[in-house]
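An overview of the molecular structure
As a plain string of letters, each chain reads:
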Amino acid sequence: MVDRDKEWEFHLRSLSSTGRDSNYATDPASDPSLLNSVKRLHELCKTEKSEELMARVYPHLNKIFQRCVTSISQSRTSNGLLLLAILQFFIDFGDVVLHDADPSLRTFFRLCLSREFADPVVAEATLEFLSSNKEKLLKSFPTLLPQFFPLMLKLIAWNGEKLENLFLSVFSGLISPGSFIPLFPSLVDLPILVVALEKVERSSGSLVGSSIASIQKSAAPEMLLALMDEAYTGSTIGDGGADSESEDSTPIAVADPLFLDILKDENDGLAVCPFYAIGTSLDPPAMAAALQAVINAPLSQRLKEALKMAPKLLDSYFTLAVHDANDSLICALIPLIMARYSTLFPDKIFSYEVQKRLLEFMLAAFHRSPHFIALLKKPIVDRLGEAYDNSAKTELALQLCWAIGEYGGGGGSHKDAARELFESLELLLYENLSSSRLGLGKAAHVSGSSSFRKSSQSRLLCFVVTAIAKLATYHRELLPRARVSLAKVARSRISDARVWKRAQDFLGLMSEPAICLSVLGSSNPSTEVMQYPGAVNWSESHKKMIAHVPFYILGSQEGPPSHDFSFLDILPRD
């Protein structure tokens, strides 16, 4: 007990002398023994559970914290570990000493971590601090991590896979209603963040000890809002980068708001399109040149790790979204997913992994809430109109066609939306029928693969034809128009027989309502016709049989399928 009292007094005097000593008055972190004293006093307070001891320690720690913050811009030593140790005391004993830790935590992120996120020791200690205090932070300070998620992404982007597990343990704390939408493009653009950070390091020196966000704050919120509008509506915006300086004229092109936006430390609530994915009139020269250099040169180890981590972070993001996000947030996210599907960092493996996850989540959202298709009619129609631009947009259009047909254009209560979606499918069908190629543009032309173009066109037409048939089966008022469309395809005799034969099969099915409803019925049937595809309505078994007959079987039969066919005709014989 006596030894513990002596130790207590020794460490307490160390704190007190640090505050009085002129050598450390402006930079307490320069005292190497101070961190040990703070940690040891915290342990003693926790062990003794004495409010008197906590009250004696608190004034000294508060004074040291304020001095560290004041001197941090001039300090040549790291303040991160010392401030984290003091913050731990504030969180554990704040109720006893009547200290609100929220301002102190925000000060740490804003003034310290923004300068020291690139320090691997500070980065790891910060993640360990957040992980060990996760429940307290989420309960008492729920907006803290969502506000600083861009800074946390800078931390993991720079420090890489060695901190991946620690980062994933605190990742859920980054998500809140205010950060849910802006976090998505930031995760997708994690490799771009690495490119930006490496560019800053090459042009301005080490990232440790300098605040990137202080270089210049974005002064163009109107441009960010315009870019967000473009992501949702596809509208074209004016040139915002005409006055941008060249990459070589300044370490950071300060006139490029998008460049600075990706390096920001705090969440401003805006989901911004990637700078390299917009039209050429908006491509900031500095970042366009940086990306081109990255593509042409061997990838850095840090960038390789970011390309692997981003899909895993998206997995966690979508998992949390399914369980925690409400329908309004998910519905608002889907247009952004569609906009970002074809605008990713130009790495083939990365693009494949991310696009697969985007499609899976989008289709899962439509399955859970089919009415989203009707609510998002405008962006869906826009994406169908872009099916010719490139192969990624073609694939997205295919999946949207499938969703429209599978879920009846949003359901029986959305007949107007279903009609407009049907008209978009008709337009897409007729455009393809009138052309001998899909129109993949320069990419397809450069490849010189006519067979690829034909295969893509046939695949697209098959999806469109199926969607038209399924949508008309759900909304029967569309049946006459569907028969006209399918008849044109059946008579077209285009080079790929799979397309016009499928149209013939669907025309035959439409003449047999019982089988048609089973084969083409929506997976979310209407209240008027409560029947799922492939189901047998046993209450009417004495009148008719409803079977789910595969298309390849129907295609091998002569004439339209009828009710009185024998299963012996289509099942394999011994």
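Residues numbered from 1 in each chain as written. Predicted model: local features only at pLDDT ≥ 70, side-chain atom pairs only at ≥ 80, totals over all residues. Heavy atoms only, no water.

Okay, the overall build of the protein chain next. Across its full length, the protein chain holds 29 helices and zero strands. Burial statistics for the protein chain: of 574 residues in total, 53% are counted as buried. Looking at the protein chain alone, contacts between residues at least 24 apart form 76% of all its contacts between residues at least 6 apart. As presented, the protein chain carries roughly 26,100 Å² of accessible surface, and 54% of it is formed by carbon and sulfur atoms. (Helix = DSSP H or I, 4+ residues; strand = E, 2+ residues; numbered from the N terminus. Buried < 20%, exposed > 50% of the residue type's maximum accessible area, 1.4 Å probe, protein only. Contact = heavy atoms within 4.5 Å. Areas by Shrake-Rupley, 256 points an atom, 1.4 Å probe, with all protein chains shown as cover.)

What follows deals with the packing of aromatic side chains. Applying the stated criterion to the full structure yields 13 aromatic pairs. Relative to F90, the ring of Y58 lies with its centre 6.0 Å away and its plane at 65 degrees, an arrangement referred to as edge-to-face. One end of the pair, Y58, is in helix α4 (residues 51–71); the other, F90, is in helix α5 (residues 80–97), and 32 residues separate them in sequence. Comparing Y58 with F90, the two get one shared label, buried. Measuring from centroid to centroid gives 4.4 Å for F318 and F361, while their planes differ by 15 degrees, and the two rings are stacked. Taken together, the positions of F318 in helix α17 (residues 301–324) and F361 in helix α19 (residues 348–368) put the pair 43 residues apart, joining distant regions of the chain. Of the two residues, F318 and F361, neither departs from the other in class, the shared state being buried. One aromatic cluster in this structure is built from F180, F184, Y317, F318 and F361. (Phe/Tyr/Trp six-rings, centres within 6.5 Å; stacked < 30°, edge-to-face > 60°.)

Here we come to the environment of A487. By secondary structure assignment, the location of A487 is in helix α26 (residues 479–492). Of the residues examined, A487 reaches a relative accessible area of 16% and is grouped as buried. Residues A487 and Q504, spaced 17 residues apart in sequence, show a C-alpha to C-alpha distance of 7.5 Å.

Our next topic: the pattern of salt bridges. A complete count under the given rule lists 24 salt bridges for this structure. E164 is the partner of K312 in a salt bridge, and the nearest nitrogen-oxygen pair spans 3.6 Å. One end of the pair, K312, is in helix α17; the other, E164, is in helix α11 (residues 164–171), and 148 residues separate them in sequence. Salt bridges sharing partners connect three or more residues here, namely D315, E353, K356 and R357. (Salt bridge = Lys/Arg side-chain N within 4 Å of Asp/Glu carboxyl O.)

Here helix α12 (residues 180–188) lies mainly inside the structure; eight of its nine residues are buried. Buried within α12 are the following residues: F180, I181, P182, L183, F184, P185, L187 and V188.

Segments scoring low in pLDDT should not have their predicted coordinates read at a detailed level. Mean pLDDT over the protein chain: 79, with 73% of residues reaching 70 or higher. The low-confidence segment residues 274–284, where pLDDT is below 50, has 37 contacts with residues more than four positions distant or belonging to other chains. Segment residues 436–448: pLDDT under 50, and 22 contacts once partners within four positions in sequence are set aside and those in other chains are kept. (pLDDT = per-residue confidence, 0-100.)

The backbone of K49 sits at a positive phi, close to 55 degrees, despite the residue not being glycine. Along the chain, K49 turns up in the loop between α3 (34–48) and α4. Classification of K49 as exposed rests on a relative accessible area of 69%. Despite not being glycine, L98 has its phi angle at roughly 60 degrees, a positive value. Looking at the element boundaries, L98 is found in the loop between α5 and α6 (101–116).

What follows covers the nonpolar core. Ranked by internal contacts, the top residues of the largest apolar core, which has 161 residues, are F109, F117, F184, F366 and I380. Here the element with the most residues in this core is α5; it accounts for 11 residues. With residues up to four places along the chain from it excluded, the contact list for F366 reads I334, F372, I373, L376, I380, L400, A403 and Y407. (Core = buried A, V, L, I, M, F, W, Y, C linked by side-chain atoms within 4.5 Å.)

Okay, the packing of helix α7 (residues 120–132) against helix α10 (residues 149–159) next. Here α7 crosses α10 at 130 degrees, and the two axes come no closer than 11 Å. With respect to α10, the axis of α7 lies oblique. In this structure, α7 meets α10 at a crossing whose hand is left-handed. Mapping the contact onto sequence places P120, A123, L127 and L130 in α7 and M152, L155 and N159 in α10. Looking at side-chain class alone, the contact of α7 with α10 contains six nonpolar, one polar and no charged residues. (Axes fitted to C-alpha atoms, helices over the stretch in contact; angles between N-to-C directions. Parallel < 35°, antiparallel > 145°, perpendicular 65-115°, else oblique. Left-handed = near helix turned anticlockwise from the far one by under 90°. Nonpolar A, V, L, I, M, F, W, Y, C, P; charged D, E, K, R; others polar.)

What follows is about the environment of E406. With respect to the secondary-structure elements, E406 resides in helix α22 (residues 391–406). E406 sits 65 residues away from L471 along the chain, and the two C-alpha atoms are 7.7 Å apart.

Moving on to helix α28 (residues 513–520). The element α28 is largely enclosed, with a buried count of seven among its eight residues. Listing the buried residues of α28 in full gives A514, I515, C516, L517, S518, V519 and L520.

A separate point is the environment of L333. Residue placement: L333 occurs in helix α18 (residues 327–340). Taking the C-alpha atoms as reference points, L333 and F184, separated by 149 residues in sequence, lie 8.2 Å from one another.

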